[in-house]
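Architecture at a glance
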Amino acid sequence: MKIVSVDIIDVKNPLQSAVAKWRPIVVRINTDEGVSGFGEVGMAYGVGASAGFGMAKDLARLLIGEDPMRSEYIWDKMQKKTFWGQGGGTVVSAGMSAIDIALWDIKGKVLGVPCYQLFGGKCRDELRTYASQLQFGWGNAEKKEILTTPEQYAKAAEQALADGYDAIKVDVNEIDLEGRAKKRNLYGCFARRDLLVGYERLKAIREAVGDKIDIIVEAHALTDTTSAIEFGNMIEEFRIAAYEEPVMALNPGQLKQVKDGINIPIAAGERVYTRWGFRPFFEDHIIDLIQPDLGTCGGFSEAKKICDMGHIYDTTCQIHVCGGPIMTAAALQLECAIPNFAIHELHRYALLEGNRVTCKYDYLPVNGKYQIPDLPGIGQELTDKSIAESPKETVK
């Protein structure tokens, strides 16, 4: 079996009004035996999807003529034969990730088994799931909201609880009182007045749901070390399950300082790439809940190694998921097969119809639990309609 072509697809969102900047980039690897595999570049949000598209196209040229079953060899080739691969970084690692996931998808299809069987089989039959990013509302899947008042935050948490979730994640500091995102200066010793806004929102959530829900506090690295420690100490009374990305991940020492200054477990990892990137966090015992993103950390080949490394240090794992249905399906395959799994992330955007209709299967949790797809490979593909309507380039 040989790889004969690779399609790089800029997936069209048919309902752009909900999330105008949402751009999943999907790779489809095609073989001479008619088997194709799908993977996703993990840059659907933020700035950089075009770069991810270009990187996947450049890497695709290394694949033509290769045996897709040799995924470890191809991963090593992408890292070492590109010069920039050994430097890592978001764009390079994201392109490698999409290709690696697609190779494992092919492998599962050829062997007629779900990818989880290739990772050692299931450790569990369902995945506990949390409702993620409640600052954008919850419940009405087709309307992205911007929450400002404590009462609105409490209502969103109550809706998640009513939908069967017993865990949520929310960034209570991202949105200011006027509904603007990322506009406030949350740095330094004078940030307390702004941080009190987030404190009041969290207080309202905890009072509304009592002890029925675990709360992960998302910070998106919008705070610096001083204000992150300040806020961590302010919210400890609300029994926070994890404090995610309180500071940027490029300086492990600063995250260690935050961990040492508070009494809340630290979660991080979506902007850390490859096992080399995660190494100092494990060795210095900084992260309690690791969150590698399959679409940026290096794909299945690398994420499995990262999770296994974390297991050595008693670190639990949640695959970071903020992409299209391809990424969701891939995450389910890995998370069910690792012993140190903690919880699965259902991002608010995953509920949007414009996201869900791009793929053949509509996987959503029931009563806060995901079932595991048993189709061969990752168990997900773009629809023919989505492929036909989306901009794409093919490398042959």
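Fair warning: this is a prediction, and the values are worked out from it, not measured in the lab.

Considering all chains together, one arrives at three cavities of 30 Å³ or more under this definition. In this structure, the largest cavity spans a volume of roughly 100 Å³. Together, 13 residues line the largest cavity, and P325, T328, A350, R356 and Y363 are the ones closest to its centre. Contributions of two or more residues to the lining of the largest cavity are made by α11 (325-335) and α12 (353-356). Of the residues assigned to the lining of the largest cavity, the class counts are six nonpolar, five polar and two charged. The volume enclosed by the second largest cavity comes to roughly 50 Å³. Looking at the second largest cavity, the residues that line it are D171, N173, L186, V217, E218, A219, L222, T223, F231 and Y243. Residues of the lining of the second largest cavity, tallied by class, amount to six nonpolar, two polar and two charged.

Let us look at the layout of surface pockets. A volume near 320 Å³ is recorded for the second largest pocket. As for the second largest pocket, its lining consists of 15 residues, and the residues nearest its centre are A249, L250, R271, V272 and Y273. Considering only residue class, the lining of the second largest pocket consists of nine nonpolar, four polar and two charged. Taken domain by domain, the lining of the second largest pocket gets at least three of its residues from each of domain 1 (3-113 + 382-395) and domain 2 (117-371).

Soluble globular proteins tend to pack their nonpolar side chains together in the buried interior. In this structure, L202, F231, Y243, L294 and F300 are the most contacted members of the largest nonpolar core, which totals 91 residues. The biggest single contributor to this core is α11, with six residues. Of the domains in this structure, domain 1 (3-113 + 382-395) and domain 2 (117-371) are the two that each give at least three residues to this core. Residue contacts for L202: discarding those within four places in its chain leaves V170, V172, I215, V217, F231, I235, F238 and I240. With 28 residues, the next largest nonpolar core counts M43, A56, M78 and L103 among its residues.

Direction vectors running N to C along helix α1 (residues 49-60) and helix α3 (residues 90-111) enclose 60 degrees, while the axes themselves pass 8 Å from each other. With respect to α3, the element α1 is oriented oblique. The hand of the α1/α3 crossing is right-handed. Residues A51, G52, M55, A56, L59 and A60 of α1 touch α3, and the partners they reach there are V91, V92, G95, M96 and I99. When its residues are assigned to classes, the contact of α1 with α3 shows nine nonpolar, two polar and no charged.

What counts as what
Residues numbered from 1 in each chain as written. Predicted model: local features only at pLDDT ≥ 70, side-chain atom pairs only at ≥ 80, totals over all residues. Heavy atoms only, no water. 1 Å grid on protein atoms, 1.4 Å probe; cavity = no way out; pocket = protein on both sides within 12 Å on 5 of 7 lines; lining within 4 Å. Points joined across faces, edges and corners; volume = space filled by probe spheres on them. Helix = DSSP H or I, 4+ residues; strand = E, 2+ residues; numbered from the N terminus. Nonpolar A, V, L, I, M, F, W, Y, C, P; charged D, E, K, R; others polar. Domains from an automatic or database assignment. Core = buried A, V, L, I, M, F, W, Y, C linked by side-chain atoms within 4.5 Å. Buried < 20%, exposed > 50% of the residue type's maximum accessible area, 1.4 Å probe, protein only. Contact = heavy atoms within 4.5 Å. Axes fitted to C-alpha atoms, helices over the stretch in contact; angles between N-to-C directions. Parallel < 35°, antiparallel > 145°, perpendicular 65-115°, else oblique. Left-handed = near helix turned anticlockwise from the far one by under 90°.

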